[in-house]
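Topology and contacts: notes
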Amino acid sequence: MKNCFNKKGEFIDKNYDDPDDYTYGEIFVTPCILFPKPRTITKIAVKTDGLLSKNKFSKIKAVTGLDNITDKEIYFIFRESMNKTLIWPCNTWSINQARRSYGNDDRLDMLLYDIELFYRICNKFNSISTEFINEIYAEINPSGARAFLNMPTLMWLCQYDSFNSFVTNRKLECFVDEDKDTEKESVNYKATIWENYYQQLYERTINFRTKNEMNTYEEYTKTPPECSKN
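Below is a summary of the structure that appears in this document. (Residues numbered from 1 in each chain as written. Predicted model: local features only at pLDDT ≥ 70, side-chain atom pairs only at ≥ 80, totals over all residues. Heavy atoms only, no water.)

1. Things to note about the packing of helix α1 (residues 57-64) against helix α9 (residues 197-211)
One can describe the packing of α1 onto α9 by two numbers: an axis separation of 8 Å at closest approach and a directional angle of 95°. In terms of orientation, α1 lies roughly perpendicular with respect to α9. From α1, K59, I60, V63 and T64 reach across to α9, where they touch Y198, Q199 and Y202. Tallied by class, the residues present in the contact of α1 with α9 amount to 4 nonpolar, 2 polar and 1 charged. (Axes fitted to C-alpha atoms, helices over the stretch in contact; angles between N-to-C directions. Helix = DSSP H or I, 4+ residues; strand = E, 2+ residues; numbered from the N terminus. Parallel < 35°, antiparallel > 145°, perpendicular 65-115°, else oblique. Contact = heavy atoms within 4.5 Å. Nonpolar A, V, L, I, M, F, W, Y, C, P; charged D, E, K, R; others polar.)

In structure tokens, the structure reads:
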């Protein structure tokens, strides 16, 4: 990034402010669970969420054992062309805001675990009811529950009929685990709590970039983007 890093790859831009790159827009969704028929199409505002903020770059260095990895390389892995990886409805209280309450690390694994739990609870109910809301609050992190039950977010989540559908449509397979059903010859996805969060986030993000055939660090350094100012 022009003017953001020195020749050693160290982050030096004092004017930098997360997020450096984001996508904001509106999408149309049609809930396929919980909501009564006929189900109407609803417009919902969405915004991207970063996998890793700049102030957590040092934690990646600490746990990966990659002493020679630079800030510039970390930026590339987690931020370059990754602004559409996580997209949530942006109405307050949002999933992005809820994620910040999962410890001090914006734990993506814990958030996905609660999203899977949300769909498990949905499978027990045919509609939104007091019992449904009570179980969401009883079983899910309070901040996550509050976000999931925010009506725009609830409708957005309900456009997918299962956690599998959510994962595959959002292309988040690399951030969850496979639960193979050998009898049905199919793959189910399940969220797990990562024992070493930053190590897992690093490895899974590398896998995500490889699976999606994203550009390499060498290609990135040939034509570095301008440093965004907000």
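Structure shown, so let's carry the discussion forward.
2. Some thoughts on the sheet that holds strand β3 (residues 86-89)
In any sheet, the strands associate via hydrogen bonds between backbone groups, in a parallel or an antiparallel arrangement. On the basis of which strands lie adjacent, the open sheet formed by 3 strands has the order β1-β2-β3 and antiparallel pairing. Where the open sheet ends on each side, the last strands, each with one partner, are β1 (24-29) and β3. Pairwise comparison of adjacent strand axes, ignoring direction, gives a mean angle of 40° for this sheet. The pairing of β1 with strand β2 (residues 42-49) spans 6 bridges and is classified as antiparallel. (Pairing = 2+ DSSP bridges.)

3. What to know about the nonpolar core
Of all hydrophobic cores here, the largest spans 66 residues; its most connected members are I115, F118, F166 and F175. By residue number, the principal contributor to this core is helix α4 (residues 108-122), which donates 9 residues. With near-sequence residues (within four places) excluded, F175 lies in contact with L51, T85, L108, L112, W194, L201, R204, T205 and F208. (Core = buried A, V, L, I, M, F, W, Y, C linked by side-chain atoms within 4.5 Å. Buried < 20%, exposed > 50% of the residue type's maximum accessible area, 1.4 Å probe, protein only.)

4. Digging into a nonpolar patch on the surface
A contiguous nonpolar patch, built from I128, I133, Y137 and M151 and spanning about 330 Å² of accessible area, is present on the exposed surface. Tracing the backbone through its elements, the reader meets Y137 in helix α5 (residues 130-139). Exposure remark for Y137: the relative accessible area of 41% places this residue in the partly exposed category. (Patch = residues over 30% accessible without salt bridge, like charges linked within 9 Å, V, L, I, M, F, W, Y side chains within 5 Å. Areas by Shrake-Rupley, 256 points an atom, 1.4 Å probe, with all protein chains shown as cover. Salt bridge = Lys/Arg side-chain N within 4 Å of Asp/Glu carboxyl O.)

5. With respect to helix α2 (residues 71-79)
Of all 9 residues in α2, 8 are buried, a share of seventy percent or more. Residues of α2 that are buried include every one of D71, K72, I74, Y75, F76, I77, F78 and R79, and no others. Two residues or fewer past α2, S81 is found with a positive phi of approximately 65°.

6. Describing the packing of aromatic side chains
One pass over the structure, following the stated rule, counts 15 aromatic pairs. Aromatic pair Y197 and Y198: ring centres 5.1 Å apart, planes at 75°, arrangement edge-to-face. Judged by its relative accessible area of 6%, Y198 is buried. Taken together, the aromatic side chains of W88, F118, Y119, F125, F132, F148, W156, Y160, F163 and F166 make up a single cluster linked through ring pairs. The ring of F76 is capped by R209, whose NZ or CZ atom sits 4.2 Å from the centre of that ring. (Phe/Tyr/Trp six-rings, centres within 6.5 Å; stacked < 30°, edge-to-face > 60°. Lys NZ or Arg CZ within 6 Å of the ring centre and 35° of its normal.)

7. Brief notes about the pattern of salt bridges
Throughout the structure, instances matching the rule amount to 10 salt bridges. The partner of D177 in a salt bridge is R204, with the nearest N and O atoms 2.8 Å apart. Of the two residues, D177 is situated in strand β4 (residues 177-181) and R204 in helix α9; the sequence distance between them amounts to 27 residues. Taking the relative accessible area as the measure of exposure, D177 reaches 23% and is therefore partly exposed.

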